[in-house]
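For reference, the chains in residue letters:
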Amino acid sequence: MLDIENFIKETKIIKSGDVIGVGCSGGSDSMALLHYLAENQEKFDIEVVAIHVDHGIRENSREDAEFVRTKAREFGVRFYKFRIDVPKLAKEKGLSIESAAREGRYGVFNALIKKGLIDKIALAHHKLDQAETILMHLFRGTGVSGAKGMEAIRDKVFIRPMLSTSKEEIYDYLAENKIDYVDDYTNDDNSYNRNFVRNVLMKEIVKRWPGAVDAITGFAKSIAEDDQFINSMTYTDAIMFEDKMARIPTSYFLYQNPIVSRMLFKVFKKIGITKDIERKHIEAIKDLAVNGGNGKRIYLPFEAIAIKEYDYLTIHNRHVEEIDFIQPFKCGEFDVPNFGKVIVKRVKEFSPKENCLFLDYRKVPKTASWRFREDGDVFEKFGGGSKKLKSYFIDKKIPQRLRNFIPVLADGNEIYAIAGVEISEKVKVEDVPTAFMIEVERKQ
């Protein structure tokens, strides 16, 4: 059948011993894939499991689940069934039905993989799906990444064995092997974007240009090869990655646009953002890096945020919430939200150490405590000269995103120490056998 075996060998998306879960709706494509992989378990040395996710959109959706269960038993494979309330999920998250269904479905798949029940998930996307996806990406506004279409394997676990298979070949296989399938009447509802592209646009395109599907997917393959070559010239050596965050030197944005765009997509992937980043977001980030003032920021999909910080552009894959924090001043160690750990020790050795400060504890008021900065805070720099804490942070080029989360030792609005940064002139060590050492272990 189909060119599945050669495609699997060429792309190496399956390895011996894999447990492959087939996402199976009961429709023609997924039934063909389930049957093919079930029939060839011995050849590929794999175990196949049928996975059905009932989205709760249609009244007869439970019948589809029973149909897949029966067919899985007939094909001799295990069957997992899950039900999610997509309309409710869409309402709660403000998503379209399409997006909510996808999010819920992939949530099920990821849970199975995380629990170790499945090694890979096989999806039944085929050549026509690929052509439709490329067009939808272009209509939304995409760069090379979207023009490449779907990958044969994504995130090392989601595989598409039928990506080079035509819809006609699938129907021929179903007929040859006498395989039943169910029709989902929602596939005729052109209010869904995918259905509109498939039922309206592609039908008209193929009428006029019969070879359009092969032409579109062939174009995507050429784009992917070119993209692979340019990616090989893209470097991220000077980018610092920490805790789902990346700090990119602004000098990286002086390269040509194709290099900068690919660098940013690499960054997003590494910090866990793998979808919904479009060309408009990439252009906005470039403009922020080159023209934005210090502290300026833009908000991106999935609560990601990009911030200009002096000679760096920082991208987070989540917003950081402000949290109340207060800690008495004494020996010991404590965790600071969104910062790291602070360790206070009494020591006799005062020699300089990285990430360590020394202060004369006798000069610290008994009512002092650790907290985050507040309006009106002032700080007397070591060596003399009083400043507003905000101005001192600016002078030290401390990124704006970090200023609200650096613990300070304060009494009222008088700051005696800034963890990991500096101590006040008012608590410098003088003629004392022991002092307090303040050490920090930073999270970011």
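Residues numbered from 1 in each chain as written. Predicted model: local features only at pLDDT ≥ 70, side-chain atom pairs only at ≥ 80, totals over all residues. Heavy atoms only, no water.

## A short note on the overall build of the protein
Then step 1. Secondary structure assignment for the protein yields 15 helices and 22 strands.
Then step 2. Computed over its C-alpha atoms, the radius of gyration of the protein comes to 29 Å, more than 25% above the 22 Å expected for a compact globule of 444 residues.
Then step 3. For the C-alpha atoms alone, the extent of the protein along its principal axes is close to 95 × 45 × 40 Å.
Then step 4. By the burial criterion, 48% of the 444 residues in the protein qualify as buried.
Then step 5. For the protein, the accessible surface area stands at approximately 23500 Å², while carbon and sulfur atoms represent 48% of it. (Helix = DSSP H or I, 4+ residues; strand = E, 2+ residues; numbered from the N terminus. Rg over C-alpha atoms; globule rule 2.2 N^0.38 Å. Buried < 20%, exposed > 50% of the residue type's maximum accessible area, 1.4 Å probe, protein only. Areas by Shrake-Rupley, 256 points an atom, 1.4 Å probe, with all protein chains shown as cover.)

## Quick look at the pattern of salt bridges
Then step 1. All told, the structure shown has 29 salt bridges when counted by the stated rule.
Then step 2. Each of Asp129, Glu132, Arg194 and Arg198 takes part in salt bridges that share partners, so that together they form one network. (Salt bridge = Lys/Arg side-chain N within 4 Å of Asp/Glu carboxyl O.)

## So, a negative patch on the surface
Then step 1. On the surface, Asp3, Glu10, Glu168, Glu169, Asp172 and Glu176 cluster together to form a negatively charged patch.
Then step 2. Judged by its relative accessible area of 52%, aspartate 172 falls in the exposed class. (Patch = residues over 30% accessible without salt bridge, like charges linked within 9 Å, V, L, I, M, F, W, Y side chains within 5 Å. Lys, Arg positive; Asp, Glu negative; His and termini not counted. Charge placed at Lys NZ, Arg CZ, Asp CG, Glu CD.)

## Looking at the pairing of strand S3 (residues 78-83)
Then step 1. For strand S2 (residues 47-54) and S3, the ladder comprises six bridges, and the chain directions are parallel. Opposite valine 49, over in S3, you have arginine 78 as the bridge partner. (Pairing = 2+ DSSP bridges.)

## What to know about helix H12 (residues 257-270)
Then step 1. Over its 14 residues, H12 extends 20 Å from the first C-alpha to the last, a length consistent with the 20 Å expected when each residue adds 1.5 Å.
Then step 2. Against helix H8 (144-147), helix H11 (212-231), strand S7 (240-241), strand S8 (245-249), helix H13 (279-291) and strand S11 (312-316) lie the buried residues of H12.
Then step 3. Two residues or fewer after H12 comes glycine 272, characterised by a positive phi angle close to 95°. (Expected span 1.5 Å × (residues − 1). Contact = heavy atoms within 4.5 Å.)

## Digging into helix H6 (residues 97-114)
Residues lying three or four places apart along an α-helix face the same way, a consequence of the helix completing one turn every 3.6 residues.
Then step 1. Spanning 18 residues, H6 covers 25 Å between terminal C-alpha atoms, matching the ideal 26 Å at 1.5 Å per step.
Then step 2. Three or more residues of H6 are buried, namely Ala100, Ala101, Gly104, Tyr106, Val108, Phe109 and Leu112.

## Here we look at the packing of helix H2 (residues 28-39) against helix H9 (residues 167-176)
Working note: a packed helix pair is described by the angle between its axes plus the distance between those axes.
Then step 1. Running from N to C, H2 and H9 cross one another at 60°; their axes reach a closest spacing of 10 Å. Considering their axes alone, H2 and H9 lie oblique with respect to each other. Here H2 and H9 pass one another in a crossing that is left-handed. Contacts between H2 and H9 pair Ser28, Asp29, Ala32, His35 and Tyr36 from the former with Lys167, Ile170, Tyr171, Tyr173 and Leu174 from the latter.
Then step 2. Residue composition of the contact of H2 with H9, grouped by class: six nonpolar, two polar and two charged. (Axes fitted to C-alpha atoms, helices over the stretch in contact; angles between N-to-C directions. Parallel < 35°, antiparallel > 145°, perpendicular 65-115°, else oblique. Left-handed = near helix turned anticlockwise from the far one by under 90°. Nonpolar A, V, L, I, M, F, W, Y, C, P; charged D, E, K, R; others polar.)

## Some words on the confidence of the model for the protein
Then step 1. Chain-level pLDDT for the protein is 88 on average; 96% of the residues reach the 70-or-more range.
Then step 2. Predicted confidence in the protein is weakest over helix H15 (residues 400-403), with a mean pLDDT of 73, and strongest over strand S4 (residues 120-122), with 97. (pLDDT = per-residue confidence, 0-100.)

## Observations regarding the packing of aromatic side chains
Then step 1. This structure, assessed with the given rule, holds 14 aromatic pairs.
Then step 2. Ring geometry for tyrosine 106 and phenylalanine 158: centres 5.0 Å apart, planes at 55°, overall tilted. Of this pair, tyrosine 106 sits in helix H6 while phenylalanine 158 is found in strand S6 (residues 158-159), placing the two residues 52 residues apart along the sequence. Just as tyrosine 106 is buried, phenylalanine 158 falls in that class too.
Then step 3. Residues tyrosine 252 and tyrosine 255 carry aromatic rings whose centres are separated by 6.1 Å and whose planes lie at 80° to one another, so their mutual orientation is edge-to-face. (Phe/Tyr/Trp six-rings, centres within 6.5 Å; stacked < 30°, edge-to-face > 60°.)

## Observations regarding unusual backbone geometry
Then step 1. One non-glycine residue, aspartate 155, lies in positive phi territory at about 55°.
Then step 2. With respect to the helices, strands and loops of the structure, aspartate 155 is situated in the loop between strand S5 (153-154) and S6.
Then step 3. A positive phi angle is found at lysine 178, which is not glycine, with a value near 55°.
Then step 4. Structurally, the position occupied by lysine 178 is in the loop between H9 and helix H10 (193-208).

## Regarding the sheet that holds strand S22 (residues 435-442)
The strands making up a sheet associate through backbone hydrogen bonding, with each pair oriented either parallel or antiparallel.
Then step 1. The strand order across the open sheet built from four strands is S13-S14-S22-S15, with neighbouring strands paired in antiparallel fashion. With one partner strand each, in any of the chains shown, strand S13 (332-336) and strand S15 (356-359) form the two edges of the open sheet. If you compare each strand with its neighbour and ignore which way they point, the axes differ by 20° on average.

## Comments concerning the environment of proline 399
Then step 1. Within the element layout of this structure, proline 399 appears in the loop between helix H14 (389-395) and H15.
Then step 2. In the structure, proline 399 is positioned 254 residues away from serine 145 in sequence and 31 Å away in space, judged by C-alpha atoms.

## Description of the nonpolar core
Then step 1. Of all hydrophobic cores here, the largest spans 37 residues; its most connected members are Ile14, Ile20, Val22, Leu34 and Leu37.
Then step 2. For this core, the secondary-structure elements that each account for two or more residues are helix H1 (4-11), strand S1 (19-23), H2, S2, helix H4 (61-75) and H9.
Then step 3. Examining the composition of this core, we find that seven residues originate from one element, H2, more than from any other.
Then step 4. Among all residues touching valine 22, those that are not within four sequence positions of it are Ser30, Leu33, Leu34, Leu37, Val48, Val49, Ala50, Ile51 and Ala122.
Then step 5. By size, the runner-up hydrophobic cluster in this structure holds 34 residues, among which are Leu357, Val364, Phe405 and Phe436. (Core = buried A, V, L, I, M, F, W, Y, C linked by side-chain atoms within 4.5 Å.)

## A closer look at the sheet that holds S11
Then step 1. Pairing in this open sheet of five strands is antiparallel, and the strands run S7-S8-S11-S10-S9 from one edge to the other. Either end of the sheet is taken by a strand with one partner, and the two such strands are S7 and strand S9 (297-299).
Then step 2. Of the strand pairs in this sheet, S7 and S8 are connected by two bridges, and their pairing is antiparallel. Across the sheet, residue methionine 240 finds its bridge partner in S8, namely arginine 247.
Then step 3. Packed on one face of the sheet, H12 meets S7, S8 and S11 and runs near 155° to S8.
Then step 4. Here H13 sits on the sheet and contacts S9, strand S10 (305-309) and S11; the angle it forms with S10, its principal contact strand, is near 15°.

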